[in-house]
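Notes for the structure review
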Amino acid sequence: MGLKEQQNCPSQRKISVLIVLVFIPIALFRLCFNNPFSAIDDTTLQDSTAHVEITSYSSSQEDETQDSYDRIKEESLCDYTKGKWVRDEMGPLYNGTSCGTIKDGQNCLRHGRPDSGYLYWKWKPNQCDIPRFDANRFLDLMRDKHLAFIGDSMARNQLESLICLLSTVSSPDLVYRNGEDNKFRKWRFESHNVTVSVYWSPFLVAGLEKSGNLDHNVLHVDRVDERWGNDLERFDTAVVSVGHWFLHPAVYHESGSVLGCHSCEASNCTEIGFFDIFRKAIRTTLKAVARNRREVILTTFSPSHFEGRPWDSLGACNMTEPYEGKVLEALDLEMRRIEMEEVAAAKAAKGAEVRLEALDVTAISVLRPDGHPGPYMYEFPFKNGVPERVHNDCLHWCLPGPVDTWNEIMIEMLRRWRV
């Protein structure tokens, strides 16, 4: 570049600066008095922010909005029955020492069970997560209400799990106790004015249990057991759970006549099995409870894991980890099917008058052969060596154990009812 060209550059730069200075005021003037953004009218702005729009609605718009909320609510309810057990390093919320209401035969660690890995699993549905049990939340949901567990020893197993879980935040007062082996009890959680009770009723319907001179059960399938039926008006929420007592020999009655029997030797009684009787008992119960209460939960059949072995055989239910991929079959499948069908029929008959759901735990529980007391239903069963025969409990659940998951699911059912 020549010297002359270098001398002309400052003059050219001065001219450019002057041009810019002249046009800036003009641009500002046009911006203030001829706003280009005024081309976006209120309609366009409203459409672009429809998801946060606050405005008045016609009745049809309100219906559409409510339908939308309902769809969102329904979409959030995943199928918790399909999933798998996954490792959970957090472990249980309580133990055999911190909870004083655990039945002796289910306090597995205190009775000397050497492994603790069965405590470190949680149920993971395929499409959602089940929150860890929140005792304060449960008590808030049940504030000023009475929750009653009605049924056999599996109902009691679930009840004792719940009492232990709730005891982590609030001490219960045992206000009533009656019957052999604490079969009828009632607790009060004063912090929330919550009552939780358990009623022993292994058939739900009226009946006599085999004992002494009676070598079979007697059932009356057309009326409920008065021991809990007379207290129906006191319950706000009822959790019913039975099944295994129907497998025992029994004679069945309906409307004052003998229907037949199961595994009976009486020559004047027709063998009819127990599946249809189980259905009748569930139907009679749901009709009675739904007629008097708006909230009913039926906990489905809980599988045992004797796996074809005699109950006193060494090594029965000695698994230490969950199954993978095991499916329901035979007895477990049929008992659950009957319960699910009867719940669906009762809901259809009652409609919106009753809140009725099945707590479907059968498929979840069949995957947990490791969760039973086994020989540790008794304290230190091998302290004197290994016997040829040993009593095993492959039906009930250790506490803490897999049954705690049932109550984690139940709290979600209650939450949805309170929405």
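Residues numbered from 1 in each chain as written. Predicted model: local features only at pLDDT ≥ 70, side-chain atom pairs only at ≥ 80, totals over all residues. Heavy atoms only, no water.

The name an unreviewed UniProt entry gives the protein is Trichome birefringence-like N-terminal domain-containing protein, with Brassica carinata as the organism. The UniProt entry for the protein carries this comment under Subcellular location (unreviewed entry): "Membrane". (UniProt positions renumbered as here; feature names shortened; annotations may be inferred.)

1. A word on the environment of Lys-183
Note on placement: Lys-183 falls in the loop between strand 4 (173-178) and strand 5 (184-189). Using a relative accessible area of 19% as the deciding quantity, one classes Lys-183 as buried. C-alpha separation for the pair Lys-183 and Val-198, spaced 15 residues apart in sequence, amounts to 7.1 Å. In this structure, Lys-183 is in contact with Arg-156, Asn-178, Val-198, Tyr-199, Trp-200 and Glu-209, ignoring residues within four places of it in sequence. (Helix = DSSP H or I, 4+ residues; strand = E, 2+ residues; numbered from the N terminus. Buried < 20%, exposed > 50% of the residue type's maximum accessible area, 1.4 Å probe, protein only. Contact = heavy atoms within 4.5 Å.)

2. Let's talk about the packing of aromatic side chains
Tallied over the entire structure, the rule returns 11 aromatic pairs. Ring centres of Phe-184 and Tyr-199 lie 6.4 Å apart, and the angle between their planes is 90 degrees; this geometry places the pair in the edge-to-face category. Within this pair, whereas Phe-184 is found in strand 5, its partner Tyr-199 is found in strand 6 (residues 194-200), the two being separated by 15 residues in sequence. On the accessibility criterion, Phe-184 (14% relative accessible area) is buried. For the pair Phe-274 and Phe-275, a centre-to-centre distance of 4.6 Å together with 45 degrees between the ring planes defines the contact as tilted. For Phe-275, a relative accessible area of 31% translates into the label partly exposed. Three or more aromatic residues link up through ring pairs in this structure, and these residues are Trp-200, Phe-203, Trp-245, Phe-246 and Phe-278. Sitting above the plane of the Tyr-118 ring, Arg-113 keeps its charged end 3.8 Å from the centroid. Here the guanidinium or amino end of Lys-183 rests over the ring plane of Trp-200, the centre of that ring lying 4.5 Å away. (Phe/Tyr/Trp six-rings, centres within 6.5 Å; stacked < 30°, edge-to-face > 60°. Lys NZ or Arg CZ within 6 Å of the ring centre and 35° of its normal.)

3. Points about helix 10 (residues 403-418)
The terminal C-alpha atoms of helix 10, which comprises 16 residues, lie 24 Å apart, in line with the 22 Å expected from a rise of 1.5 Å per residue. Across the 16 residues that make up helix 10, a large majority, 13, are buried. (Expected span 1.5 Å × (residues − 1).)

4. Notes on unusual backbone geometry
Omega for the bond connecting Leu-399 with Pro-400 falls within 30 degrees of zero, at -5 degrees, which places this linkage in the cis form. Residue placement: Pro-400 occurs in the loop between helix 9 (362-365) and helix 10. In this model, Glu-307 sits at a positive phi of 55 degrees, which is unusual for a non-glycine residue. One non-glycine residue, Ala-330, lies in the positive phi region at around 50 degrees. Positionally, Ala-330 belongs in helix 8 (residues 330-350). You can call Ala-330 exposed: its relative accessible area is 62%.

5. Topic: the pattern of salt bridges
For side chains bearing opposite charge, pairing can occur when the charged atoms are close. Overall, the coordinates contain 25 salt bridges when judged by the stated rule. Between Glu-321 and Arg-87 there is a salt bridge, with the nearest N and O atoms lying 3.9 Å from each other. One end of the pair, Glu-321, is in the loop between strand 12 (295-299) and helix 8; the other, Arg-87, is in strand 1 (residues 83-87), and 234 residues separate them in sequence. Residue Arg-87 is classed as partly exposed on the basis of its relative accessible area of 40%. Here Asp-360 makes a salt bridge to Arg-336, at a shortest N to O gap of 2.7 Å. (Salt bridge = Lys/Arg side-chain N within 4 Å of Asp/Glu carboxyl O.)

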